[in-house]
Amino acid sequence: MNKRIVILGAAESGVGAAVLAQKKGFDVFVSDGGKIKAHYKEMLIQHGIEWEEGHHTEELILNADEIIKSPGIPDTAPMVQKVREANIPIISEIEFAGRYTNSKMICITGSNGKTTTTSLIYHIFQGAGYDVGLAGNIGHSLALQVAEEPHEYYVIELSSFQLDNMYDFRANVAVLLNITPDHLDRYDGKMQNYTDAKMRIIRNQTKDDAFVYWNEDPIISAELKKYNIESRLCPFSIIKKEGMIGYIADGEYVIESPTPFNMEQESLALHGKHNMYNSLAAGIAADVSGISNAAIREGLSTFQGVEHRLEFVCRVRGVQYINDSKATNVDACWYALESMTTPTILILGGLDKGNDYSAIKDLVMQKCKALVFLGVDNSKLHAFFDPLGIPTTDTRSMRECMDACYSQAQAGDTVLLSPCCASFDLFKNMEDRGEQFKSIARSL
């Protein structure tokens, strides 16, 4: 009898996993507690895979030999609790896909900068002519690519949720950008639990693999002492220090090894302090993967950036509008504010994930002339920011928010959407929030 695999969640990762599982001869069933999007439903029907939506049928799930869980489903979900009680192993789509490929895996995680860094590495690999797929949090499902469109290399953005259910998967190049508080609502409010999830990126690495990380991150530095790491350590810093594989010095971007490389810092496509980290991590990942200096230089100087991440939208009446909807935690907002050079009207708010706003307090006082709160419940924002004496406005929709910004902004100002929070209270997702911001800004 065929081994039964049940997939919880029928979006990109779940449907991809279902297609691969079916191709490998498993008895497959997909269950989604919500509504399945039309194109995913079509894929399941096309492949003759059984599915259900709007509920979970226990008897069709708890008879599984293994469960593949969507990263969006928390462990506290009732169905997941029942699966745990039944002692059925739960894995992630990435873990499952990894069983069926020997391709080289370049994996990127971190609380901030991972989408930019992942996209930049993919851009460099593509430009170098490598056979490469983009997967994980961005791109297409890794499992679907392994099943239908295999590549020699995969560049994979990994969230802590994906890493949680990975056990035997191995990253040939692991990139860890930083660890700062995020998603603590999913980790019992405990920073160590979240940190442990991020550190799983080095799990199963061997001496043939590389671990690229930011040397100055205090949490990473403390964690490294707890691990016996076999892989080659590739620390980077934005200042020249002994032992660094990559750094910035005297206006030069430098990689020391394995293949020495340098270029003028001003030739990098990405600007701002946070992007120095992203560019160093990407260049080192490409270098250790054997990509030529010419291709690394070309990739680092031609990259277009990532939508919803410090994305310049337009200038209206001398006011520039910047979409940083991807800033769903406080640290991401810190990077955005740090790069501001003009008086800023900052849009904050949404679904708070256990945020501590003290990290941005000084920057808000230095850079912001007004704060516009955009959320269903702005009470926590008021409690923290009202004592600073900066004008605040409450809004409940993007139109109302943009009207408030427009009325307060003067030529030479910047309106910055960098909300620190998730978007699900008022928007479908982070992209929807960013699209609405851009669309209204352009119509002003």
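Quick look at the structure, then. (Residues numbered from 1 in each chain as written. Predicted model: local features only at pLDDT ≥ 70, side-chain atom pairs only at ≥ 80, totals over all residues. Heavy atoms only, no water.)

**A few points about the packing of helix 6 (residues 114–127) against helix 11 (residues 273–288)**
And step 1. At their nearest, the axes of helix 6 and helix 11 sit 9 Å apart, and the two run at 40 degrees to each other. If you check the angle between helix 6 and helix 11, you find them oblique. Judged by the sense of rotation from one axis to the other, the crossing of helix 6 with helix 11 is right-handed. For the pair helix 6 and helix 11, contact is made by Thr-116, Thr-117, Leu-120, Ile-121, Ile-124 and Phe-125 and by Asn-275, Asn-278, Ser-279, Ala-281, Ala-282, Ala-285 and Ala-286, respectively.
And step 2. In terms of residue class, the contact of helix 6 with helix 11 is built from 8 nonpolar, 5 polar and no charged. (Axes fitted to C-alpha atoms, helices over the stretch in contact; angles between N-to-C directions. Helix = DSSP H or I, 4+ residues; strand = E, 2+ residues; numbered from the N terminus. Parallel < 35°, antiparallel > 145°, perpendicular 65-115°, else oblique. Left-handed = near helix turned anticlockwise from the far one by under 90°. Contact = heavy atoms within 4.5 Å. Nonpolar A, V, L, I, M, F, W, Y, C, P; charged D, E, K, R; others polar.)

**Here we look at the environment of Gln-366**
And step 1. Within the fold, Gln-366 resides in helix 14 (residues 361–367).
And step 2. For the pair Gln-366 and Asp-196, spaced 170 residues apart in sequence, the C-alpha to C-alpha distance is 34 Å.

**Section: the nonpolar core**
And step 1. Counting 51 residues, the largest nonpolar core has Ile-7, Phe-96, Cys-107, Leu-142, Ile-156, Leu-158 and Phe-169 as the members making the most contacts within it.
And step 2. At 6 residues, helix 1 (residues 12–23) tops the list of elements feeding residues into this core.
And step 3. Leaving out residues up to four positions away in the same chain, Phe-169 has contacts with Ile-94, Glu-95, Gly-98, Met-105, Cys-107, Leu-142, Ile-156, Arg-203 and Asn-204. (Core = buried A, V, L, I, M, F, W, Y, C linked by side-chain atoms within 4.5 Å. Buried < 20%, exposed > 50% of the residue type's maximum accessible area, 1.4 Å probe, protein only.)

**Examining the pattern of salt bridges**
And step 1. This model, assessed by the stated rule, comprises 19 salt bridges.
And step 2. Here Asp-75 and Lys-69 are joined by a salt bridge, their closest N and O atoms 3.9 Å apart.
And step 3. Asp-75 sits in the partly exposed class, given a relative accessible area of 37%.
And step 4. By relative accessible area, which is 4% here, Lys-69 ends up buried.
And step 5. A salt bridge links Glu-307 to Lys-438, with the nearest nitrogen and oxygen atoms 2.7 Å apart. With Glu-307 in the loop between helix 12 (293–302) and strand 15 (311–316) and Lys-438 in helix 17 (residues 430–443), this pair connects stretches of sequence that are 131 residues apart. (Salt bridge = Lys/Arg side-chain N within 4 Å of Asp/Glu carboxyl O.)

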